[in-house]
Amino acid sequence: MTRPSFLEAVLANAGQVEMSDLKERIVDVSQNVSQLKHRVYDYMKTKFIDFDPLLKKSMSFLDKAVRMSDEINNLFNRIEFQTKCDLANSTGELRNLHVSLKEASAVLSITTELLQMESAMKDVEDACKDGQFVDAAKSIQSFKELVKNSCKETRQLDIYQSLIREFTSIVAKFCKENTDKLYLFISWETTDAATNTLKSTIKIKSSCFSELQEVLQALHLLEELYPWMNKFRNFLTRSILFPLINNEGSVNIEDGELYSTIQVSIKMTSRKPNYLSTLDNLTKCFEFLHGELDMQFENDKSFISLLGAGSSEEFIDHLIKKCLKETVPSSSAELKNFTGIRERVAAFNNYMVGIEFLSEENHSLVDYVQNFDALCANKTCENYLKIARDIMKKDLQDMVEVGPQTPAVALSATLDHTNTDALIDNSVLQESFANVNIKSENELNPNLFQFPSCFVSKSTIEVLELVGTILEEGVAQENELHQYYLSTAKSVFELYICVVPTIHEKLLSTIPQQVALFHNNCMYLAHRLVLLGFEVEASLRNVLKADVAITFVDYVQTLRHLGTSTYLKHMQQQRKQMLDLVKESGLATLGENSELSPDTERTLRQCLRQLELLQSVWQNVLPGNVYSKSIGVLANAFIEELVIRVSSVEDIPANTAVKLTSLFKMVQERIPKLFQNGDEVVLFVKRWLQFQELINILSASLREIEERWADGKGPLAHEFTTEQVKQLIRALFQNTQRRAEVLAKIK
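Nothing here was measured: the structure is a model prediction, and the numbers come from that model.

Conventions we followed
- Residues numbered from 1 in each chain as written.
- Predicted model: local features only at pLDDT ≥ 70, side-chain atom pairs only at ≥ 80, totals over all residues.
- Heavy atoms only, no water.
- Helix = DSSP H or I, 4+ residues; strand = E, 2+ residues; numbered from the N terminus.
- Buried < 20%, exposed > 50% of the residue type's maximum accessible area, 1.4 Å probe, protein only.
- Contact = heavy atoms within 4.5 Å.
- Areas by Shrake-Rupley, 256 points an atom, 1.4 Å probe, with all protein chains shown as cover.
- Expected span 1.5 Å × (residues − 1).
- Bend = angle between axes of the 7 residues up to and from the residue.
- Phe/Tyr/Trp six-rings, centres within 6.5 Å; stacked < 30°, edge-to-face > 60°.
- Lys NZ or Arg CZ within 6 Å of the ring centre and 35° of its normal.
- Core = buried A, V, L, I, M, F, W, Y, C linked by side-chain atoms within 4.5 Å.
- Domains from an automatic or database assignment.
- Patch = residues over 30% accessible without salt bridge, like charges linked within 9 Å, V, L, I, M, F, W, Y side chains within 5 Å.
- Salt bridge = Lys/Arg side-chain N within 4 Å of Asp/Glu carboxyl O.
- Lys, Arg positive; Asp, Glu negative; His and termini not counted.
- Charge placed at Lys NZ, Arg CZ, Asp CG, Glu CD.
- Axes fitted to C-alpha atoms, helices over the stretch in contact; angles between N-to-C directions.
- Parallel < 35°, antiparallel > 145°, perpendicular 65-115°, else oblique.
- Left-handed = near helix turned anticlockwise from the far one by under 90°.
- Nonpolar A, V, L, I, M, F, W, Y, C, P; charged D, E, K, R; others polar.
- Arc of directions from axis to C-beta.

Caption draft 1: View of the overall build of the protein. Along its length, the protein carries 30 helices and six strands. Per-residue burial for the protein yields a buried fraction of 44% across its 747 residues. Expressed as a percentage of contacts within the protein between residues at least 6 apart in sequence, the contacts between residues at least 24 apart total 76%. Carbon together with sulfur atoms contributes 50% to the accessible area of the protein, which is approximately 39200 Å² in total.

Caption draft 2: Main features of helix α18 (residues 482–503). Taking 1.5 Å per residue as the helical rise, α18 with its 22 residues ought to reach 32 Å, and the 30 Å between its terminal C-alpha atoms agrees with that figure. Along its length, α18 reaches its greatest deviation from straightness, about 30°, at Tyr496. Every buried residue of α18 is accounted for by His482, Tyr485, Leu486, Thr488, Ala489, Val492, Phe493, Leu495, Tyr496, Ile497, Val499 and Val500.

Caption draft 3: Region of interest: the packing of aromatic side chains. By the definition in use, this model includes 19 aromatic pairs. On the numbers, 5.7 Å between centres and 65° between planes, the contact of Phe286 with Phe315 is edge-to-face. Placement of the pair is Phe286 in helix α9 (residues 275–292) and Phe315 in helix α11 (residues 312–327), with a sequence separation of 29 residues. Across the pair, Phe315 and Phe286 agree in class, each one buried. Look at Tyr496 and Phe518: their rings are 6.4 Å apart centre to centre, the planes differ by 10°, and that puts the pair in the stacked class. A residue pair is termed long-range when its members are at least 10 positions apart, and Tyr496 in helix α18 and Phe518 in helix α20 (residues 512–544) qualify at 22 residues. Here Tyr496 and Phe518 have matching classes, each one buried. One cation-aromatic arrangement involves Lys203 over Tyr259; the distance from NZ or CZ to the ring centre is 4.7 Å.

Caption draft 4: Region of interest: the nonpolar core. In terms of nonpolar packing, the biggest core is built from 80 residues, with Ile202, Phe303 and Phe315 touching the most fellow members. Of the residues forming this core, the biggest block, 10 residues, is contributed by helix α8 (residues 226–246). When residues of this core are assigned to domains, at least three map to each of domain 1 (8–38 + 60–83 + 93–156) and domain 2 (181–327). Setting aside chain neighbours within four positions, we find Phe303 in contact with Leu216, Trp228, Met229, Phe232, Leu293, Met295 and Phe297. Among the nonpolar cores identified, the runner-up in size contains 63 residues, and Leu604, Cys607, Leu611 and Val649 belong to it.

Caption draft 5: Summary view of a positive patch on the surface. Side chains of Lys272, Lys322, Lys325 and Lys386 sit close together on the surface and give a patch of like positive charge. For Lys325, the location among the structural elements is in helix α11. For Lys325, a relative accessible area of 48% puts it in the partly exposed group.

Caption draft 6: The arrangement of the environment of Arg233 in detail. Position of Arg233 among the secondary structure elements: in helix α8. Arg233 gets classed as buried once you look at its relative accessible area, which sits at 7%. Setting aside residues no more than four positions away along its own chain, Arg233 makes contact with Tyr226, Leu306, Leu307, Gly310 and Ser311.

Caption draft 7: Highlighting the pattern of salt bridges. A full pass over the atoms with the stated rule returns 18 salt bridges. Between Arg344 and Asp280 there is a salt bridge, with the nearest N and O atoms lying 2.8 Å from each other. With Arg344 in helix α13 (residues 341–354) and Asp280 in helix α9, this residue pair connects regions lying 64 residues apart in the sequence. Through salt bridges with shared partners, a single ionic network connects Glu706, Arg738, Glu741 and Lys745.

Caption draft 8: Inspection of the packing of α8 against α11 at higher detail. Close contact between α8 and α11 brings their axes to 9 Å; oriented N to C, the two are set at 25°. Our classification of the angle between α8 and α11 gives roughly parallel. Here α8 and α11 pass one another in a crossing that is right-handed. Seen from α8, the contacting residues are Arg238, Leu241, Phe242, Ile245 and Asn246; seen from α11, they are Glu314, Phe315, His318, Leu319, Lys322 and Cys323. Here the residues of the contact of α8 with α11 are counted per class, giving six nonpolar, two polar and three charged.

Caption draft 9: Looking closely at unusual backbone geometry. In this model, Glu223 sits at a positive phi of 60°, which is unusual for a non-glycine residue. Mapped onto the fold, Glu223 is located in the loop between α7 (209–221) and α8. Glu223 sits in the exposed class, given a relative accessible area of 71%. Even without being glycine, Glu356 reaches a positive phi, approximately 75°. On the secondary structure map, Glu356 appears in the loop between α13 and α14 (364–370).

Caption draft 10: Expanded view of helix α22 (residues 599–618). Over its 20 residues, α22 extends 28 Å from the first C-alpha to the last, a length consistent with the 28 Å expected when each residue adds 1.5 Å. What α22 keeps buried is the set Thr600, Thr603, Leu604, Cys607, Leu608, Gln610, Leu611, Leu614, Gln615 and Trp618. Down the axis of α22, the buried set is contained in an arc of 145°. They therefore lie on one face. Exposed and oriented more than 90 degrees from the buried face of α22 are Leu613 and Ser616.

Caption draft 11: A negative patch on the surface, seen in detail. A contiguous patch of negative charge, built from Asp294, Glu356, Glu360 and Glu361, is present on the exposed surface. As for its position among the elements, Glu361 is in the loop between α13 and α14.

The structure is reproduced here in structure tokens:
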């Protein structure tokens, strides 16, 4: 067996010495940790469980725990080194020592966490006694961090739960006391100073600025400032800023030795303040707040920025809607008085950004006034549309005559250079129809583009005059703003199409004259719109020095259809009323009764009166040709019903034929009077000649009927068919040889 060398013997002896020392040190550390644990437990139990008020300050347990922690770490390093040196012949003794040391380390870790928490709570109390509220808030944050990172074993201790309850109580007390101090440092109120006058006041205790800053920063660090800040922000916004925007007011600031005060007096009237006065008053308010509460917090936030974080957007939005929007002039002429508004609003915005109430990314205020010209144009156009709507609500029956015999309605001096005896001149015609293949201008009918003489509502003329004013102002614009006015001019006609039939719906369904006027109004507007675009284009071309395509013809068809459909609907109502009257008369039962009903004459007269009433309200209102066609259609429907009723009867007694002849001659006499020229009845009442022949048959003999038939070439043959004539002969005459001979000739 080989004897170990001297070096091996030395190293082995050294390892034994180290192992022996490690054992002694670990036993000593374990004992010290156990003693510290019991002493800390007793201390914690007495302080946080038994709450002994006579307990004096403990020894520096935390310092001792730190020293033991360092010593344990040193022992861990020595065990690790020894393990490496004696790895080959280790018997497990080192592992046992390592386990013992870990147990002591775990106990020490729990003890240290409890001591650190207790130390943080003690720091809170000490900082509060010294008035160092920010340091106290930081210690509270440290305690929260220790709780967050504490181990599972620590949280299971009864002492830990007592620590948390004590800490919660300390924090609640800290926040309440400091919040109460804020209400003492900064106070506000609103009082009724006099009739229709409110006074809102903010008082700030300026003699304790440093303490106020400490309190604000401490609550902000703990995220407990919001409830108080929200109340202060709401008062500032609702009782000071918004009232100064909505009403006339004054701002008074007083700097005293103890308090600085701002008092805002608001006059609760409907009168709106000037925007300059509003901005000046608002600036005074923010200067006061910034001067008294200019405090920077540790997270690069200021008190004013926190104030604006929850209210700046609402404030700017209210300022725009209730002040700047109402400041926008309603005409281009008034806009000249607001040349400095951009600079003044920009200066106000820059100040608000400078004190950090507004963020640099908020450009709403500046962007709004930068577009002031467009806002003015838009507001002007809104007012024009309101005026247009008011005009359209006027009575339709207030009317005026238009047509070739009267001067054309000039939309404006700028737009309308037409001759007063015609709606357009030759230059406009030539320009408008330059691309139309017309052989010679002289071949055009001189009345081709003239509107027929008739009556239209005065409101229609006012609408056209308003459109002329809108277009005139639009043409005067030197930039793209003319598009606002052109769109508004079109919107007026869209409004007319939608509004007038709705507003006057009841009258348009019952009053014939209203219907006729509405028909004329639509046709007249459509007539003017055909060439209105060309007039505007010519004017804009001179201003803009460029071609601009503008047209109003897209409304022409809609207006014509609206006027025509409304008029035809009423015509159908009138026709139905007359036909219903005829059906109610004795003619409806003529084949059933041998005698004619006494109501027949009454109903026929009522139908004629209906036509004559339409004549009285239509003849001078509608264009002549339109009236003649309209009354002709209704008269024809009436006569056609009479002819059908009589010609379909199988038996007409002689006395009944006499009465029918008398009644029909009354109709024959009064119908032509519906027309300006009685001879026109043949042109517009298609069944008139047939009606004449029916009257002749009712009073004629068989010979006279035979003569008017004239072998199918006479006037009777032109109006009635063979079967119709035979039916009438059989109904009027008895069955004789002579009747048979005549019937045989009717073929």
